[in-house]
Amino acid sequence: GTLWVDAGAEQALRKNASLLFVGVVEVQGTFQPGDAVDVASLAGVPFARGLVAISSSDLQRVRGKKQNDAQETLGCPVPQEVIHRDNLVFVEGL
């Protein structure tokens, strides 16, 4: 799968932050927690790869939301982040 993130999320990831729901603009593909996905800029250029903490179907419903709103939308506890910074690697130039 691929996650498109906004400019603020891309900048935060490059400063060693985790990817939060609010920064995800688009979700493509099908994946489950623990699967590896590409992370792309709004220009569609993949710049990182990481292990997601949430399924594609749930993320599709809560992308762009704050964590509290995501939890309310899904009606169950959600992870703090989509991809934790420890589970993210940069892949420039692929």
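Structure first, text after, so check above.
Caption draft 1: Main features of unusual backbone geometry. A positive phi is found at Asn16, a non-glycine position, where the angle reads about 75 degrees. Inspection of the secondary structure puts Asn16 in the loop between helix 1 (7-14) and strand 2 (24-28).

Caption draft 2: Helix 3 (residues 67-74), seen in detail. Those residues of helix 3 that sit buried are Gln67, Ala70 and Leu74. Buried residues in helix 3, looked at end-on, bunch into an arc of 55 degrees, giving them a common side. Exposed residues lying more than 90 degrees from the buried face of helix 3 are Asn68 and Glu72. In this fold, the buried residues of helix 3 make contact with helix 2 (56-62).

Caption draft 3: Geometry of the packing of aromatic side chains. In total, this model carries one aromatic pair according to the counting rule given. Taking 6.3 Å as the distance between ring centres and 25 degrees as the angle between the ring planes, the aromatic pair formed by Phe47 and Phe90 counts as stacked. On the criterion of sequence distance, the pair formed by Phe47 in strand 4 (residues 46-51) and Phe90 in strand 5 (residues 88-90) is long-range, its members being 43 residues apart.

Caption draft 4: The arrangement of the nonpolar core in detail. Ranked by size, the top nonpolar core spans 23 residues in total, and within it Leu3, Leu19, Phe21, Val39, Leu59, Val82 and Ile83 carry the most contacts. Within the residue set of this core, elements represented by two or more residues are strand 1 (2-5), helix 1, strand 2, strand 3 (36-40), strand 4, helix 2 and helix 3. When residues no more than four places from it in sequence are discounted, the contact partners of Leu19 are Leu3, Val5, Ala9, Leu13, Val24, Glu81, Val82 and Ile83.

Caption draft 5: Structural view of the pairing of strand 4. Where strand 3 and strand 4 come together, five bridges link them in antiparallel fashion. Within strand 4, the residue paired with Ala40 across the bridge is Pro46. Where strand 3 folds back onto strand 4 in an antiparallel hairpin, the turn is made up of five residues, including Gly44, whose phi is positive at roughly 85 degrees. As defined by bridge partners, strand 4 adjoins strand 5 across three bridges and the pair is classed as antiparallel. Opposite Arg49, over in strand 5, you have Val89 as the bridge partner.

Caption draft 6: Structural view of the sheet that holds strand 1. What the five strands build is an open sheet, ordered 2-1-3-4-5; its pairing is mixed. With partners counted over all chains shown, the strands left at the sheet margins are strand 2 and strand 5, one partner each. Going across the sheet, the axis of each strand differs from the next one's by a mean of 25 degrees, ignoring polarity.

Caption draft 7: Expanded view of the environment of Gln28. By the element assignment, Gln28 lies in strand 2. Classification of Gln28 as partly exposed rests on a relative accessible area of 43%. Here the alpha-carbon distance between Gln28 and Ala12, two residues 16 residues apart in the chain, equals 21 Å. Once you skip the residues sitting within four places of it in the chain, Gln28 turns out to touch Gly1, Thr2 and Trp4.

Reading guide: rules and limits
Residues numbered from 1 in each chain as written. Predicted model: local features only at pLDDT ≥ 70, side-chain atom pairs only at ≥ 80, totals over all residues. Heavy atoms only, no water. Helix = DSSP H or I, 4+ residues; strand = E, 2+ residues; numbered from the N terminus. Buried < 20%, exposed > 50% of the residue type's maximum accessible area, 1.4 Å probe, protein only. Arc of directions from axis to C-beta. Contact = heavy atoms within 4.5 Å. Phe/Tyr/Trp six-rings, centres within 6.5 Å; stacked < 30°, edge-to-face > 60°. Core = buried A, V, L, I, M, F, W, Y, C linked by side-chain atoms within 4.5 Å. Pairing = 2+ DSSP bridges. Axes fitted to C-alpha atoms, helices over the stretch in contact; angles between N-to-C directions.

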